[in-house]
Amino acid sequence: MELMEGLLTRRSIRQYTHQQVDQSDITDIVKAGMYAPSARNQQIWEFVIVTDKNKLAQLSDGSPTAPMAKNAAFAVIVCADQDRATAGEYWEQDCAAAMENMLLACHAKGIGAVWVGMHPHEDRENVAKKVCAIPEKIKVHSLMIAGYPEKNAQEAQRFHPEFIHQNEWGN
Ligand SMILES: Cc1cc2nc3c(=O)[nH]c(=O)nc-3n(C[C@H](O)[C@H](O)[C@H](O)COP(=O)(O)O)c2cc1C
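The structure reproduced in this document is the subject of the present report. Not measured: the values here are computed from a predicted model.

**With respect to helix 5 (residues 122–132)**
- Every buried residue belonging to helix 5 is among R124, E125, V127, A128, K129, V131 and C132, and all of these are buried.
- Packing partners of the buried residues in helix 5 comprise strand 1 (45–50), helix 3 (53–62), strand 2 (74–80), strand 3 (112–117) and strand 4 (139–147).
- Positive phi appears at A133, one or two residues downstream of helix 5, with a value of about 50°.

**Brief notes about the packing of helix 2 (residues 23–34) against helix 4 (residues 91–108)**
- As a packed pair, helix 2 and helix 4 sit with axes 7 Å apart at the nearest point and diverge in direction by 145°. Between helix 2 and helix 4 lies a crossing of right-handed hand. Touching I29, V30, A32 and G33 of helix 2 are A98, N101, M102, A105 and C106, all from helix 4.
- In terms of residue class, the contact of helix 2 with helix 4 is made up of 7 nonpolar, 2 polar and no charged.

How each quantity is defined
Residues numbered from 1 in each chain as written. Predicted model: local features only at pLDDT ≥ 70, side-chain atom pairs only at ≥ 80, totals over all residues. Heavy atoms only, no water. Buried < 20%, exposed > 50% of the residue type's maximum accessible area, 1.4 Å probe, protein only. Helix = DSSP H or I, 4+ residues; strand = E, 2+ residues; numbered from the N terminus. Contact = heavy atoms within 4.5 Å. Axes fitted to C-alpha atoms, helices over the stretch in contact; angles between N-to-C directions. Left-handed = near helix turned anticlockwise from the far one by under 90°. Nonpolar A, V, L, I, M, F, W, Y, C, P; charged D, E, K, R; others polar.

Shown next as structure tokens:
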């Protein structure tokens, strides 16, 4: 898939078939996350891949906005380790960039995925920490839930020229 086409056709997918996703594809997807830009190239991220069905169900049960985890092929928890920070105040932006790269990598492979926000909801972060034994000092940013899509998503129409300003606001 051509990059621009992928950017314009990606949608959140929340219903999945029972088909498993190959581990090599999951690794490629996380690799795409690691190629995201980051502040001072700090690459502060850590990724927890979840394929265990019990753990996916626990993430689903414990996260009010992630019921689809129980039917997913896999999930990835995007975390940050401040011990490796060189521009730690940017950890959220770095993790968000990694998440978007992973969503696009999923789309390129015909895998459907959705970004589930966790930080700054401590209760949601704590569910992920408990289910996956993530150390207390690690920050949990977000959860990507993924699997082969049950149906094709409609393309979005989001181009709004009026949101663009050139040289000065209002122009
Ligand atoms: C920071 C963030 C948090 C989100 N959290 C959730 C969530 O908890 N549950 C969910 O189903 N979708 C979540 N989404 C997905 C959005 O609902 C989705 O991206 C938005 O509705 C636009 O739809 P699209 O992704 O299909 O283009 C989140 C997206 C972002 C960027």
